[in-house]
Amino acid sequence: MFSNKSLTIYKIRLPLKIPFTTSFGTQHYRNAIILHLMYNGIDAYSECVTDEGPYYSYEDNETALHIIKTYLINYIKDVPEPSKFLERSEKIKGHNMAKAAIEMLLWDYYSKVKKIPLYKYIGESKGYALIGISIGIDDVKKMINFIHESIKSGYRRIKVKIDKGKEIKILSEIREYFPDIPLSADANGCYTIKDIEILKALDKYNLLYIEQPLQHDDIIHHAKLRKEISTPICLDEPITSYEKALKAFEIGAADIINIKPGRLGGVYNSLKVIELAKEFKKGVWIGGMLETGIGRAFNIALASLNSINMPGDTSPNERYFNKDIVLNLFKMNNGTIIPYDSPGIGVNVDFEFMKNVSTRIEKLDLWV
Ligand code: OSB
Ligand code: MG
């Protein structure tokens, strides 16, 4: 017996146009896991934001595949609504990126069932997203050139990666060239509270905010740091749930949250944290994990919501790849991107190219 229900997993290796360096390492490729659900004549897609190594968080591609294939697959044999899937997977601790990949697949599926573009299905949308860029650490002259080009092409905000010991050189030279641009810095957790003097010294660069100055799992010391510096604090890595976001706001650890649906376990939790930020009158924007056109389409849909009040890290496809695995590419106009208006995430996958860049393809039958 053959089932008309299947889940195909592609492990792909897509070269980045330029290497991306953060305080935790350099990425030359986007090594993504792409999920393709086929059911009832509908093709749904999602992207797991893990990569080869556990450097942004403890998850990597292999842990995500393990969790998906051993546990999560059992919860989706009847292709449930995302809320049902979340209920069933609640007892599994952590592994949010693996959970998000499945949850987002179901969001794409159900918005396609209802023939509604995802950005309209998930809430009230402005109809466009405000776009900022995240620039990796490099020779500072190169970073300055890159910023120059980015400003010219219309980006609404520039974020640069910093690392301990390189921050003053990076930020002082950038500010010398661009005294007034909307600028932020992302440390990816390279400092501890003992580095408070360095962090105080960054106040004079007039940053919109500093993203994740203290370690990846720390919220508490950010509240302490917040009282010592004038630069607003944006949290990324430790905000892995609605409860963590609530605690961060309650103790005054965050002025802003960078929402990544992968980190939060999917779209539903992201929407909850977005609403929470609104209640607390805090800043909130959509981040990125160098996603291909598939993950990017979810991020753009979220970034277009009315409640998103700051430009995010959701650059058009061409900023990352010479060739993407989707055929329809986002274009940036005046620092904005318009989400696709076809059902679901609205991407057309270039299957031939995706197969060419796949290192593994596995088709799982969902027949029950
Ligand atoms: O900390 O926001 C981050 C990329 C990979 C891992 C972590 C981060 C990032 C980025 C890039 O900043 C955002 C993007 O352009 O996708
Ligand atoms: Mg970050």
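The rules we used
Residues numbered from 1 in each chain as written. Chains lettered and ligands numbered in written order. Predicted model: local features only at pLDDT ≥ 70, side-chain atom pairs only at ≥ 80, totals over all residues. Heavy atoms only, no water. Near = heavy atom within 4 Å. Polar contact = N/O pair within 3.5 Å; in protein donor to acceptor, adjacent residues only side chain to side chain. Areas by Shrake-Rupley, 256 points an atom, 1.4 Å probe, with all protein chains shown as cover. Nonpolar A, V, L, I, M, F, W, Y, C, P; charged D, E, K, R; others polar. Domains from an automatic or database assignment. Pairing = 2+ DSSP bridges. Helix = DSSP H or I, 4+ residues; strand = E, 2+ residues; numbered from the N terminus. Donors = N, O, S within 2.8 Å, 3.2 Å for Na, K, Ca; no water. Buried < 20%, exposed > 50% of the residue type's maximum accessible area, 1.4 Å probe, protein only. Contact = heavy atoms within 4.5 Å. Axes fitted to C-alpha atoms, helices over the stretch in contact; angles between N-to-C directions. Parallel < 35°, antiparallel > 145°, perpendicular 65-115°, else oblique. Left-handed = near helix turned anticlockwise from the far one by under 90°. Salt bridge = Lys/Arg side-chain N within 4 Å of Asp/Glu carboxyl O.

> Even after reading the chapter, I still don't get the site of ligand 1, so can you show me in this structure?
Near ligand 1, the surroundings consist of 17 residues, among which Ser134, Lys161, Asn188, Leu290 and Tyr320 are the closest. The contact in question runs from an oxygen atom of ligand 1 to an N or O atom on the side chain of Asn188, over 2.7 Å. Met289 is positioned such that a nitrogen or oxygen atom in its backbone is 3.4 Å from an oxygen atom of ligand 1. For ligand 1, the protein covers 99% of the area, taking 390 Å² as the surface of the free molecule. The class makeup of the residues in the shell around ligand 1 is six nonpolar, four polar and seven charged. Residue assignment places the shell around ligand 1 across two domains, with domain 1 (6–115 + 351–364) and domain 2 (120–337) each supplying three or more.

> Help me understand the pairing of strand β2 (residues 25–39) in this model?
A regular strand carries its side chains on alternate faces of the sheet. Sheet analysis places strand β1 (residues 6–22) next to β2, joined by 13 bridges and oriented antiparallel. Across the sheet, residue Thr21 finds its bridge partner in β2, namely Thr26. With antiparallel pairing between neighbouring strands as the criterion, β1 and β2 make up a hairpin whose turn holds two residues. With seven bridges joining them, β2 and strand β3 (residues 42–48) adopt antiparallel strand pairing. In the sheet register, Met38 faces β3, and the bridge partner there is Asp43. Where β2 hands over to β3, the hairpin turn is made up of two residues, of which Asn40 adopts a positive phi near 50°.

> I would appreciate a short explanation of the coordination of the magnesium ion (ligand 2) in the present structure.
Working reference: metal with six octahedral donors, ideal angles 90 or 180 degrees; metal with four tetrahedral donors, ideal angle 109.5 degrees. Within the protein, Asp186 (OD), Glu211 (OE) and Asp236 (OD) serve as the donor atoms for the magnesium ion (ligand 2), at 2.1 to 2.3 Å. Along the chain, the residues that donate to the magnesium ion (ligand 2) are spaced as D-x24-E-x24-D. In this pair, Asp186 sits in strand β7 (residues 183–186) while Glu211 sits in strand β8 (residues 210–211), placing the two residues 25 residues apart along the sequence. Among the residues examined, Asp186 registers a relative accessible area of 0% and is labelled buried.

> What exactly am I supposed to notice about the sheet that holds β8 here?
Strand pairing within a sheet occurs via backbone hydrogen bonds; the two strands may be parallel or antiparallel. Across the sheet, which stays open at both edges, the seven strands sit in the order β5-β6-β7-β8-β9-β10-β11 with parallel pairing between neighbours. Edge positions in the sheet fall to β5 (132–135) and β11 (283–286), since each of these pairs with one other strand and no more. As judged from the four bridges shared by strand β6 (residues 157–161) and β7, these two strands associate in the parallel manner. Counterpart to Val160 in the pairing with β7 is Ala185. Against the sheet, helix α5 (residues 140–152) contacts β5 and β6, and its axis sits at roughly 160° relative to β6.

> Looking at this structure, I do not really get the packing of α5 against helix α6 (residues 167–177). What am I missing?
Packed helices, taken two at a time, are described by their axes: the angle between them and the distance between them. It is the contact of α5 with α6, at a shortest axis distance of 10 Å, that shows an interaxial angle of 40°. Here α6 runs oblique to α5, going by the angle between their axes. As α5 runs across α6, the sense of the crossing is right-handed. For the pair α5 and α6, contact is made by Val140, Lys141, Met143, Ile144 and Ile147 and by Lys169, Ile170, Glu173, Ile174 and Tyr177, respectively. By residue class, the composition of the contact of α5 with α6 is seven nonpolar, no polar and three charged.

> Quick question: what am I supposed to make of the sheet that holds β2 here?
In spatial order, the strands read β3-β2-β1-β13; together these four strands make up an open sheet with antiparallel pairing. Pairing within the sheet leaves two strands with one partner each, and these edge strands are β3 and β13 (358–365). When strand polarity is set aside, the average angle formed by the axes of neighbouring strands in this sheet is 25°. Here seven bridges tie β1 to β13, and the two strands are oriented antiparallel to one another.

> Looking at this structure, how should I read the environment of Tyr340?
Position of Tyr340 among the secondary structure elements: in the loop between β12 (336–337) and α13 (351–356). For Tyr340, a relative accessible area of 14% gives the class buried. C-alpha separation for the pair Tyr340 and Ala301, spaced 39 residues apart in sequence, amounts to 8.3 Å. For Tyr340, the contacting residues outside a window of four places in its chain are Pro117, Tyr119, Ala297, Asn328, Leu329, Phe330, Ile345, Gly346 and Val347. Reaching out from Tyr340, the side chain makes a polar contact with the backbone oxygen of Asn328 at a distance of 2.5 Å.

> Teacher, can you tell me more about the pairing of β11 here?
Where burial is concerned, the two faces of β11 agree: the one with Gly283 and Trp285 and the one with Val284 and Ile286 are both buried. Relative to β11, strand β10 (residues 256–259) is paired through four bridges, and the arrangement is parallel. Residue pairing in the sheet places Ile259 in a bridge with Ile286 of β11.

> What exactly am I supposed to notice about the pattern of salt bridges here?
Two side chains that carry opposite charge are able to pair once their charged atoms sit near each other. The tally for this structure, following the rule as stated, stands at 26 salt bridges. Note that Lys120 is salt-bridged to Asp341, the shortest N-O span being 3.4 Å. In this pair, Lys120 sits in helix α4 (residues 118–121) while Asp341 sits in the loop between β12 and α13, placing the two residues 221 residues apart along the sequence. Exposure remark for Asp341: the relative accessible area of 52% places this residue in the exposed category. In this structure, the salt-bridge partner of Asp236 is Lys260, at a minimum N-O distance of 2.8 Å. Separated by 24 residues along the polypeptide, Asp236 in the loop between β9 (233–235) and α9 (242–250) and Lys260 in the loop between β10 and α10 (261–264) bring together distant segments of the chain. A single burial state applies to Asp236 and to Lys260, both of which are buried.

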